[in-house]
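Residue strings, one per chain:
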Amino acid sequence: MSNDAATTATPRPAGTPGQEQPIPTLGLGASLPPADARAKTEGTFPYASDLWAEGLLWAAIHRSPHPRARILSIDTSDALEMPGVRAVVTHRDIPGDTSYGRRIADRPVFAADVVRHHGEAIAAVAADHPDTARLAAAAILVEYEVLEPVTDPEQAFAAEPLHPDGNLIRHIPLRYGDPDATGAVVVEGLYRIGRQDPAPIGAEAGLAVPRPDGGVELYVAATDPHTDRDLAAACFGLEPERVKVVVTGIPGATGDREDPGFQIPLGLLALRTGCPVKLTATREESFLGHAHRHPTLLRYRHHADTDGRLVKVEAQLLLDAGAYADSSAESLAAAVAFACGPYVVPHAFIEGWAVRTNNPPSGHVRGEGAMQVCAAYEAQMDKLAAKLGVDPTDIRLRNALATGDLLPTGQTVTCPAPVAELLQAVRDYPLPPLPKDAPEDDWLLPGGPEGAGEPSAVRRGVGYALGMVHMLGAEGTDEVSTATVKVHDGVATVICAAVETGSGFSTLARQIVQETLGIEEVHVASVDTDQPPAGPAAHGRHTWVSGGAVERAAKMVRTQLLQPLAHKFGMSTELLQIADGKITSYDGVLSTTVMEAMEGKELWATAQCRPHPTEPLDESGQGDAFVGMAFCAVRAVVDVDIELGSIRVVEMAVAQDVGRVLNPAQLATRIEAGVTLGVGTALTENLRTARGLVRHPDLTGYALPTSLDAPDIRIVQLIEERDVVAPFGAKAASAAPVVTSPAAVAGAVRAATGRPVNRLPIRPQAAVAPANS
């Protein structure tokens with residue numbers, strides 16, 4: 001099988017051995033294709049970079065070339081005098097709040113007195129041509145007093161404050177159990193995780209259009225439009241009702257897709273000029289402007305007894321937040337809470353910090369916090385297995401978490417947690433065959449078709465990893481979503497501000513209505529902030545919260561539809577069912593089609609879904625901080641050239657706790673994408689900086705995995721134990737393999753080379769085996 005195509009082994013659902021399940025063609029459980037699939041493949045889907053308006057101006061942003069400096073003066077006169085330039089705005093031109101932030105408002109729209117990271121925005125220009133705008137932005141003269149940047153997060157504790165709020169964003173000291181507990185076997189490790197960039201294939205773009213009432217409309221690929229609107233309105237000095245965010249097509253999102261740092265300058269220019277203004281970021285601007293995954297330093301000490309059962313875990317976790325806070329407090333909470341992994345640990349003492357530096361800003365990227373600690377605690381489990389002389393899977397099975405166990409935060413795991421079953425599934429799956437040494441199979445070498453390695457230097461390694469993620473917001477976040485379902489002339493429309501980021505929500509909403517109402521034609525309305533809020537697209541929340549709101553609204557419409565029929569035949573609506581587009585009664589007396597029952601009617605209902613509340617972690621890191629959790633097991637098989645350090649991922653076997661399969665094809669795609677993202681994290685993706693300066697901010701210097709790098713991906717088992725508190729019992733699908741896959745790849749490289757592999761991405765020198773191996 002070629003290594004340039006990811007493939008999937010489709011398993012039977014758990015609990016149905018030897019029995020093929022009928023596959024529905026509509027509704028939940030069907031592999032309904034996305035409604036926008038054809039438009040995207042044909043290139044007609046309207047992304048923000050494709051938008052146009054009469055009288056359009058173009059925007060460009062002047063950014064700092066220094067990671068830390070004091071601004072002595074800003075001279076915009078040369079830019080303003082250039083023909084075609086319509087406006088230049090700086091911090092002096094902001095009518096409202098001069099800083100913004102989704103959690104902490106600590107990031108200036110434009111730097112005023114100091115710059116705190118390379119690429120920080122200082123001014124923005126609007127001109128009648130994109131080249132003119134960029135030339136004018138380059139003509140802005142800024143006089144700096146360059147300062148020594150603080151780029152080592154360990155030095156941030158003693159360094160002078162880089163921000164008025166100080167360098168420490170959050171400290172979580174988790175205390176669980178007996179601090180004096182010890183184990184007969186102790187292993188320690190120091191681990192480093194690099195700076196991963198979301199690297200969206202479509203760079204940030206947007207269009208701002210002024211409104212007659214003095215407000216502005218922003219057409220952007222926002223993943224949390226209502227929060228973006230509120231932040232922008234505060235900076236514009238306007239009421240939120242006078243700012244409208246219209247969500248355009250999303251060209252992929254693995255984190256917060258649109259940073260307000262692109263949107264707010266765009267709106268300011270539109271308000272200043274009274275003209276539509278468009279901004280299309282270059283790839284360099286995209287790398288410099290948006291948030292990245294937190295680089296993390298992790299120190300671990302694991303205690304176990306002679307049987308390999310964990311006694312105590314001690315850890316220190318240091319997250320580099322970069323210049324501003326963004327989501328660092330939430331990422332730290334996930335890292336600390338999951339620092340021991342999906343294992344039963346009687347005693348745990350974790351210290352976690354998130355600090356400001358002069359590095360590029362960090363923020364929400366899929367699996368934030370959980371991915372970094374997974375790489376470290378799984379390396380520790382491999383060390384314990386080696387020290388005890390036991391199989392790596394055995395030591396994991398002896399400690400596997402299960403429903404009813406406690407996390408180190410004191411929270412009871414009430415959701416299904418089939419951790420042992422997941423690991424057993426990937427362990428028992430047949431290993432791929434070994435490559436041959438014949439010349440015609442040289443493409444199987446880690447170096448690829450033109451690789452310089454020798455087959456005799458290739459070693460195969462197998463690594464295992466278990467990972468966990470939380471679903472929805474955490475620590476008291478009020479999760480709520482609102483949806484409306486309307487039916488007219490046999491066509492249903494769903495109105496919900498849940499943004500389709502590639503997670504499949506739009507398809508799921510159609511399936512829910514098909515399942516509930518028996519209507520085949522279902523449309524999902526485009527999203528804007530005139531609709532009630534649905535919250536951000538992260539942590540599987542739209543499947544749970546927004547999907548739950550759609551289901552409730554559809555059920556209310558169903559009741560409206562069935563009540564007249566039930567009344568006519570003297571029975572309750574509970575005795576009627578809708579299936580295959582027909583309405584039937586329990587006794588067969590009533591039988592009609594949904595279309596006939598709908599004729600001449602227009603029905604609609606609006607509903608909300610709000611999961612049970614959570615609470616913040618207290619001063620000892622204790623509390624019921626998470627609504628639910630999802631688990632994953634991955635087995636990685638790699639080939640390593642131990643002389644050159646080149647690595648080829650041969651196969652990734654995945655078993656996942658999914659709750660319920662709502663769309664088999666879509667679920668497989670999400671898992672495959674998550675695994676591929678994890679392979680990039682493990683091997684290639686690292687936004688390199690030198691003393692705070694981003695090096696090679698482009699897709700040549702930042703190596704994304706391509707189809708040639710994607711391994712065979714085998715989905716070995718999907719365990720369907722429904723979470724009873726979730727609307728459909730389904731769990732988040734894409735973050736868990738992202739979290740788990742890098743740790744599995746690192747474990748496989750360790751097995752092949754005998755090297756410790758304590759840094760991600762794995763450097764070639766770390767994969768070169770010792771001379772005596």
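A quick note: this is a predicted structure, and the numbers were derived from the prediction, not measured.

**Student:** Account for the nonpolar core, naming residues and giving values.
**Tutor:** Nonpolar side chains in soluble globular proteins tend to end up buried together. Core analysis: the biggest nonpolar cluster contains 110 residues, and Tyr300, Leu317, Phe631, Val745 and Ile762 have the highest contact counts within it. Take this core: its biggest share by element is eleven residues, from helix α8 (residues 370-388). For valine 745, the residues in contact, after removing those within four places along its chain, are Ala636, Val638, Val649, Met652, Ala682, Leu683 and Ile762. Of all hydrophobic cores here, the second largest spans 54 residues; its members include Val485, Ala498, Leu562 and Cys609.

**Student:** I'd love a proper account of helix α5 (residues 260-273), names of residues and values included.
**Tutor:** For α5, with 14 residues, the first-to-last C-alpha span of 20 Å sits near the 20 Å given by 1.5 Å per residue. In terms of burial, α5 is a largely internal element, twelve of the 14 residues being buried. Burial in α5 covers these residues: Pro260, Gly261, Phe262, Gln263, Ile264, Pro265, Leu266, Gly267, Leu268, Leu269, Ala270 and Thr273. A positive backbone phi angle near 75° is found at glycine 274, which sits one or two residues after α5.

**Student:** How would you explain the sheet that holds strand β12 (residues 216-220) if you had to name every residue and give the values?
**Tutor:** Spatially, the seven strands line up as an open sheet ordered β3-β7-β1-β14-β11-β12-β13, and their pairing is mixed. What marks the edges here is a single partner per strand, and that holds for β3 (85-89) and β13 (243-247). Adjacent strand axes in the sheet meet at a mean angle of 20°, parallel and antiparallel pairs treated alike. As paired strands, strand β1 (residues 57-63) and strand β7 (residues 121-127) are joined by six bridges and run antiparallel to one another. The residue of β7 that forms the bridge with alanine 59 is alanine 126. Relative to the sheet, helix α4 (residues 225-236) contacts β12 and β13, its axis offset from that of β13 by approximately 145°.

**Student:** Give me the packing of aromatic side chains: which residues, what numbers.
**Tutor:** The tally for this structure, following the rule as stated, stands at six aromatic pairs. Relative to tyrosine 702, the ring of phenylalanine 287 has its centre 5.5 Å away and its plane inclined at 55°; by these criteria the two rings are tilted. With a gap of 415 residues between them, phenylalanine 287 in helix α6 (residues 283-289) and tyrosine 702 in the loop between β29 (693-694) and β30 (712-719) connect regions that are remote in the sequence. Assessed through its relative accessible area of 1%, phenylalanine 287 is described here as buried. Given the relative accessible area of 1%, tyrosine 702 is considered buried. Aromatic side chains tyrosine 343 and tyrosine 377 sit 6.2 Å apart centroid to centroid with 85° between the ring planes, which places their arrangement in the edge-to-face category. Residue tyrosine 343 is located in the loop between α7 (328-337) and β17 (347-355), and its partner tyrosine 377 is located in helix α8; the two are separated by 34 residues in the primary sequence. One Lys or Arg, lysine 40, reaches over the ring of phenylalanine 45 and ends 4.9 Å from the middle of that ring.

**Student:** How would you explain the confidence of the model for the protein if you had to name every residue and give the values?
**Tutor:** Per-residue confidence for the protein gives a mean pLDDT of 90, with 94% of residues at or over 70. Taken together, the stretch residues 1-19 has pLDDT below 50 and engages in 45 contacts with residues farther than four places along the chain or on a different chain.

**Student:** Could you give me a rundown of a negative patch on the surface, with the residues and numbers involved?
**Tutor:** Taken together, the side chains of Glu615, Asp618, Glu619 and Asp624 make up a negatively charged region of the molecular surface. Position of aspartate 624 among the secondary structure elements: in the loop between β25 (602-609) and β26 (626-641). A residue is classified by how much of its surface remains accessible, and aspartate 624, at 40% relative accessible area, is partly exposed.

**Student:** Just give me the short version of the sheet that holds strand β8 (residues 141-146), but keep the residues and values in it.
**Tutor:** Ordered by their spatial adjacency, three strands build an open sheet running β6-β2-β8, and the pairing between neighbours is antiparallel. Of all the strands in the sheet, the pair left with one neighbour each is β6 (114-115) and β8. Here strand β2 (residues 69-75) runs beside β8; their pairing, made up of six bridges, is antiparallel. In the sheet register, arginine 70 faces β8, and the bridge partner there is glutamate 145.

**Student:** Tell me about the environment of isoleucine 583, residues and numbers included.
**Tutor:** Residue position: isoleucine 583 is located in strand β23 (residues 582-585). Along the sequence, isoleucine 583 and glycine 410 sit 173 residues apart, while their C-alpha atoms lie 48 Å from each other. Among all residues touching isoleucine 583, those that are not within four sequence positions of it are Leu561, Leu562, Leu565, Gln577, Ile578, Leu590, Ser591, Thr592, Thr593, Val594 and Ala597.

**Student:** Describe the pairing of strand β27 (residues 647-657), and please don't skip the residues or the numbers.
**Tutor:** When you tally the buried positions in β27, you get eleven out of eleven residues, the bulk of the element. Pairing between β26 and β27: nine bridges, direction antiparallel. Bridge pairing in β27 links cysteine 632 to glutamine 656. The antiparallel pairing of β26 with β27 creates a hairpin that spans five residues between the two strands, and glycine 645 there sits at a positive phi of about 80°.

**Student:** Residues and numbers for unusual backbone geometry, please.
**Tutor:** The omega torsion across leucine 760 and proline 761 is -5°, close enough to zero to call that bond cis. Within the secondary structure layout, proline 761 lies in the segment after β31 (759-760). Backbone geometry at arginine 691 places phi at a positive 50°, although glycine is not the residue there. Tracing the sequence through the fold places arginine 691 in the loop between β28 (689-690) and β29. Positive phi is not limited to glycine here, since valine 757 has a value of about 50°. Along the polypeptide, valine 757 turns up in the loop between α15 (735-753) and β31.

Parameters and conventions
Residues numbered from 1 in each chain as written. Predicted model: local features only at pLDDT ≥ 70, side-chain atom pairs only at ≥ 80, totals over all residues. Heavy atoms only, no water. Core = buried A, V, L, I, M, F, W, Y, C linked by side-chain atoms within 4.5 Å. Buried < 20%, exposed > 50% of the residue type's maximum accessible area, 1.4 Å probe, protein only. Helix = DSSP H or I, 4+ residues; strand = E, 2+ residues; numbered from the N terminus. Contact = heavy atoms within 4.5 Å. Expected span 1.5 Å × (residues − 1). Pairing = 2+ DSSP bridges. Axes fitted to C-alpha atoms, helices over the stretch in contact; angles between N-to-C directions. Phe/Tyr/Trp six-rings, centres within 6.5 Å; stacked < 30°, edge-to-face > 60°. Lys NZ or Arg CZ within 6 Å of the ring centre and 35° of its normal. pLDDT = per-residue confidence, 0-100. Patch = residues over 30% accessible without salt bridge, like charges linked within 9 Å, V, L, I, M, F, W, Y side chains within 5 Å. Areas by Shrake-Rupley, 256 points an atom, 1.4 Å probe, with all protein chains shown as cover. Salt bridge = Lys/Arg side-chain N within 4 Å of Asp/Glu carboxyl O. Lys, Arg positive; Asp, Glu negative; His and termini not counted. Charge placed at Lys NZ, Arg CZ, Asp CG, Glu CD.

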